[in-house]
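Here's the letter readout for the chains.
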Amino acid sequence: MNKLEEYFNHLDNISHAFLIGNVIFDEIEESLIKIIDSKILPGIKNIKENPDIFYYDQYSELITKEEIKQLLNNISKTSQFNNVKIYIINGAERLSDTVYNALLKTLEEPQLNVYAFLLSNNIENVRETIKSRCQKIFINSSVDRKIENEELRNISLKIINNIESNGINTMFEYNNIYSEIEDREKFKEILYILLKEYDLVLRKKLNNEKYDSIIIEKNDIISLSKKVLVIDKTINNLNNYLNKNLAIDRFLIEMWRCKNEMC
């Protein structure tokens, strides 16, 4: 039995909303099924195929305004099994303003027998108003282990050093990048490492803390902020790029522009 299951086994009363971090859905799906089966909706076998459970993955595709309206409509209707509705959002730190505002109302005024599971692999970036309205659970998942993957870490450090030292010439100085990053999924994992590193440096810079990094040497707060936004936007938009190499080119250009032009 893992930590998440142990946590729920000790709960006498189930809250209407849980914020679980730092996790990703794939790693806790089986545990969630067991928890929902034992505590909320008996007989559940599959989260994504149950008509009373609504699952959204912000990491693969952003929730649209229409989808959130449909979700709110669905959870207001009578359920098909045991009078229970559940929605799960993977990537709670990436909610758009529209989705955030709609969900905030459901969290502030919860409906009877409607339960929310909000997952995040970076719980620090979840908005405070959401944190305050959810029961928070912190789990150490293999997200951190993935980030420490030696191969991905080395590629990420090469990208950082090239972007900060060579700028737009990275496309020529480090042309092995296209072969080292085999596909878009690997590119996405590397981008998460970059996001973590640039975000850390930005926070250090804002707090006037010393930090040994080429990033902090080469950037002011404005360019660091822009680069964090570029990395985040690239992660969100990556599924729209059919060509992996083109996605890398566009990312490198936009990172260079953050220092040399207005992003």
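The coordinates are above.
In this report, the structure presented in the accompanying data block is examined. Predicted model only: the values in this text are computed from it and were never measured.

1. Quick look at the pattern of salt bridges
Right, so step 1: Applying the stated criterion to the full structure yields 13 salt bridges.
Right, so step 2: For Arg133, the salt bridge is made with Glu108, and the minimal N-O distance between the two is 3.1 Å. With Arg133 in the loop between α5 (128-131) and β5 (135-138) and Glu108 in helix α4 (residues 97-108), the pair connects residues that are 25 residues apart, well separated along the chain.
Right, so step 3: Residue Arg133 is classed as partly exposed on the basis of its relative accessible area of 28%.
Right, so step 4: Residues Lys186 and Glu151 are paired through a salt bridge, measuring 2.6 Å at the closest nitrogen-oxygen approach. Pair noted here: Lys186 is in helix α10 (residues 184-206) and Glu151 is in helix α7 (residues 150-166), with a separation of 35 residues, a long-range link.
Right, so step 5: The exposure class of Glu151 is partly exposed, given its relative accessible area of 43%.

2. Concerning the sheet that holds strand β4 (residues 114-120)
Right, so step 1: If you trace the five strands from one edge of the open sheet to the other, you get β2-β3-β4-β1-β5, paired in parallel fashion. With partners counted over all chains shown, the strands left at the sheet margins are β2 (53-57) and β5, one partner each. Adjacent strand axes in the sheet meet at a mean angle of 15 degrees when their direction is disregarded.
Right, so step 2: The strands touched by α4 within the sheet are β1 (17-21), β3 (85-90) and β4, with β3 carrying the most contacts at an inclination of about 135 degrees.

3. Thoughts on unusual backbone geometry
Right, so step 1: With a phi angle near 65 degrees, Asn113 is a residue other than glycine that sits in the positive phi range.
Right, so step 2: By secondary structure assignment, the location of Asn113 is in the loop between α4 and β4.

4. A look at the packing of α10 against helix α12 (residues 221-237)
Right, so step 1: The N-to-C vectors of α10 and α12 enclose an angle of 155 degrees; their axes lie 9 Å apart at closest approach. The angle between the axes of α10 and α12 places the two elements in the roughly antiparallel class. Seen along the crossing, α10 lies across α12 with a hand that is left-handed. Residues Phe187, Lys188, Leu191, Tyr192, Leu194, Leu195, Tyr198, Asp199, Val201, Leu202, Lys205 and Leu206 of α10 form the contact with α12, whose participating residues are Ile221, Leu224, Ser225, Lys227, Val228, Ile231, Asp232, Thr234 and Ile235.
Right, so step 2: Residues belonging to the contact of α10 with α12 are distributed by class as follows: 14 nonpolar, two polar and five charged.

What counts and how
- Residues numbered from 1 in each chain as written.
- Predicted model: local features only at pLDDT ≥ 70, side-chain atom pairs only at ≥ 80, totals over all residues.
- Heavy atoms only, no water.
- Salt bridge = Lys/Arg side-chain N within 4 Å of Asp/Glu carboxyl O.
- Helix = DSSP H or I, 4+ residues; strand = E, 2+ residues; numbered from the N terminus.
- Buried < 20%, exposed > 50% of the residue type's maximum accessible area, 1.4 Å probe, protein only.
- Pairing = 2+ DSSP bridges.
- Axes fitted to C-alpha atoms, helices over the stretch in contact; angles between N-to-C directions.
- Contact = heavy atoms within 4.5 Å.
- Parallel < 35°, antiparallel > 145°, perpendicular 65-115°, else oblique.
- Left-handed = near helix turned anticlockwise from the far one by under 90°.
- Nonpolar A, V, L, I, M, F, W, Y, C, P; charged D, E, K, R; others polar.

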